Amino acid sequence: MTSIKTVGVIGAGQMGSGIAHVFAQSGYDVILHDISADQMKEALSTIEKNLARQVAKGVIDQGADTLALARIKAVDDIKELGQCDLVIEAASEVQSVKKEIFGALKGVLKKDAILASNTSSISITGLAAATERPDQFIGIHFMNPAPVMKLVEVIRGIATSKEAFETTKEVIASLGKTMAISEDFPAFIVNRILMPMINEAIYTLYEGVGSVEGIDTGMKLGANHPMGPLELADFIGLDICLAIMQVLYEGLADSKYRPCPLLVKYVEAGWLGRKTGRGFYDYAGDAPVPTR
């Protein structure tokens, strides 16, 4: 099987930076690429802060944060990923964006390198078809935030080889994560269950059944959820929630997956949750305040 020593991560947003953090902390050399130099700079700063926080909490040993950060190299040129044994795409949850990235990787990667997507909903088989190596393409979906969450979904496309799958299993185990194997259906396991629940919570708000505070309090205290569904939607990003619901609705052709019109309106307004400072909560003050 392919020996994985150097890992490339494409996309330095919340997910990409978290994935880079996880691999570097586990002893892998990481090459981080993003089209935005500012985004990469911000990602490295975030990783440094999160590693320091882990040291302070006793999660990792003193000095381990410095060693992990030293393993991450940010690069402007995607061609520098040619030295990687595994490359994970963690760009926006938009199929056309992902396929454009895979197109740019053609002729760049080593012959035996594994290419993966961190997509949370899009067909792995469909994405693999846009590459030159469908047999070495696989879905590796980290949960958010990647350094904290223990689960990783692994999804094989119709052409994914046994070798690529077995190598991926070994890599996930080396990270100290638990793997859940999903078939290649829209949204896989976790989001197939989670996103309709969030969408239903938004419908509950939209129809006036309950307020933002009432819905979130009800699920936290009534169902023992650590976060209410609307609070969680803001954390994930309402644009991502909408994108996943659209994949479910279009992929399964079932009206129960129709995105709530209120979710659509919030995304149209640019109220995407925590990352924009406003969603179902307003984050301008010291404490989040419900917007409805």
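What comes next is a walk through the structure. Position numbers for residues start from 1 in each chain and track the written sequence from start to end. Predicted model: local features are reported for residues with pLDDT of at least 70 only, side-chain atom pairs are reported and counted for 80 or more only, and whole-chain, interface and lining totals are derived from all residues. The side-chain values count all of the structure's non-hydrogen atoms but skip hydrogen atoms and water molecules.

### Notes on the overall build of the chain
No. 1: Helix numbers and strand numbers start at the N terminus; a helix is a DSSP run of H or I with at least 4 residues, a strand a run of E with at least 2. The helix and strand inventory of the chain stands at 11 helices and 10 strands.
No. 2: As a reference, a globule follows 2.2 Å times the number of residues to the power 0.38, and the radius of gyration itself is taken over C-alpha atoms. For the chain, the C-alpha radius of gyration of 19 Å lies close to 19 Å, the compact-globule estimate for 292 residues.
No. 3: Here the chain holds 292 residues, and the buried ones make up 47% of them.
No. 4: Just so you have it, the chain exposes about 13,700 Å², and 52% of that area is on carbon and sulfur atoms.
No. 5: Of the side chains in the chain, 28 bear a positive and 35 a negative charge, and the two mean positions are spaced by 2 Å. The classification of residues rests on relative accessible area computed with a 1.4 Å probe and restricted to protein chains. Under 20% of the type maximum is buried, over 50% is exposed, and intermediate values are partly exposed. In these tables, accessible area is a Shrake-Rupley quantity obtained with a 1.4 Å probe, and a residue counts as shielded only by the protein chains included in the view. Charge assignment: positive for Lys and Arg, negative for Asp and Glu; neither His nor the chain ends contribute. Lysine's charge is taken at NZ, arginine's at CZ, aspartate's at CG and glutamate's at CD.

### Some details on helix H4 (residues 95-105)
No. 1: Listed in full, the buried residues belonging to H4 are Lys98, Ile101, Phe102 and Leu105. End-on view of H4: buried residues confined to an arc of 95°, all on one side of the axis. Set apart from the buried face of H4 by more than 90 degrees, the exposed residues are Ser96 and Glu100.
No. 2: The contact criterion used is simple: two residues touch if any of their non-hydrogen atoms lie within 4.5 Å. Buried residues along H4 sit in contact with strand S1 (6-10), strand S4 (86-89), strand S5 (114-117), helix H5 (124-128) and strand S6 (137-142).
No. 3: Positive backbone phi, at 80°, marks Gly107, one or two positions downstream of H4. This arc corresponds to the set of directions leading from the helix axis out to the C-beta atoms.

### Overview of unusual backbone geometry
No. 1: A cis amide bond links Asn144 with the next residue in sequence, Pro145, at an omega value of 0°.
No. 2: Relative to the helices and strands, Pro145 is located in the loop between S6 and strand S7 (151-156).
No. 3: You will see that Asn224, though not glycine, has its phi angle at about 60°, which is positive.
No. 4: Topologically, Asn224 is positioned in the loop between helix H8 (212-222) and helix H9 (229-236).
No. 5: Phi at Ala253 is positive, roughly 50°, even though this residue is not glycine.
No. 6: Checked against the element boundaries, Ala253 lands in the loop between helix H10 (238-252) and helix H11 (261-269).

### Considerations on the packing of helix H7 (residues 190-206) against H11
No. 1: Helix axes are fitted only over the stretch in contact, all axes being lines through C-alpha atoms; the angle between N-to-C directions runs from 0 to 180 degrees. In the contact formed by H7 and H11, the axes pass within 8 Å of each other and the chain directions differ by 95°. Judged by the inter-axis angle, H7 sits roughly perpendicular to H11. Residue-level inspection shows Asn199, Ile202, Tyr203, Leu205 and Tyr206 of H7 in contact with H11, the latter providing Pro261, Leu262 and Leu263.
No. 2: Split into classes, the residues belonging to the contact of H7 with H11 amount to 7 nonpolar, 1 polar and no charged. Orientation categories follow fixed angle ranges, with anything under 35 degrees roughly parallel, anything over 145 roughly antiparallel, 65 to 115 roughly perpendicular, and all other angles oblique. Gly is put with the polar residues, along with every residue not named as nonpolar or charged; the nonpolar set is Ala, Val, Leu, Ile, Met, Phe, Trp, Tyr, Cys and Pro, and the charged set is Asp, Glu, Lys and Arg.

### Remarks on the packing of aromatic side chains
No. 1: Two rings from Phe, Tyr or Trp (for Trp, the six-membered ring) form a pair when their centres sit within 6.5 Å of each other. Planes less than 30 degrees apart are called stacked, planes more than 60 degrees apart edge-to-face, and all others tilted. Per the stated rule, a full pass over the model turns up 7 aromatic pairs.
No. 2: Here the aromatic rings of Tyr266 and Trp271 are separated by 5.3 Å at their centres, their planes lie at 85°, and the arrangement is edge-to-face.
No. 3: With relative accessibility at 4%, the residue Tyr266 sits in the buried group.
No. 4: One aromatic cluster is present, built from ring pairs that chain together Phe23, Tyr28 and Phe142.
No. 5: We call a charge positioned above a ring when the Lys NZ or Arg CZ atom is no farther than 6 Å from the ring centre and deviates by at most 35 degrees from the ring normal. The ring of Phe165 has Arg156 sitting right over it, with the charged end atom 3.9 Å from the ring centre.
No. 6: Residue placement shows Arg278 over the ring face of Trp271; its charged tip is 4.1 Å from the ring centre.

Take it as geometry only, folks, not as evidence of what the structure does.
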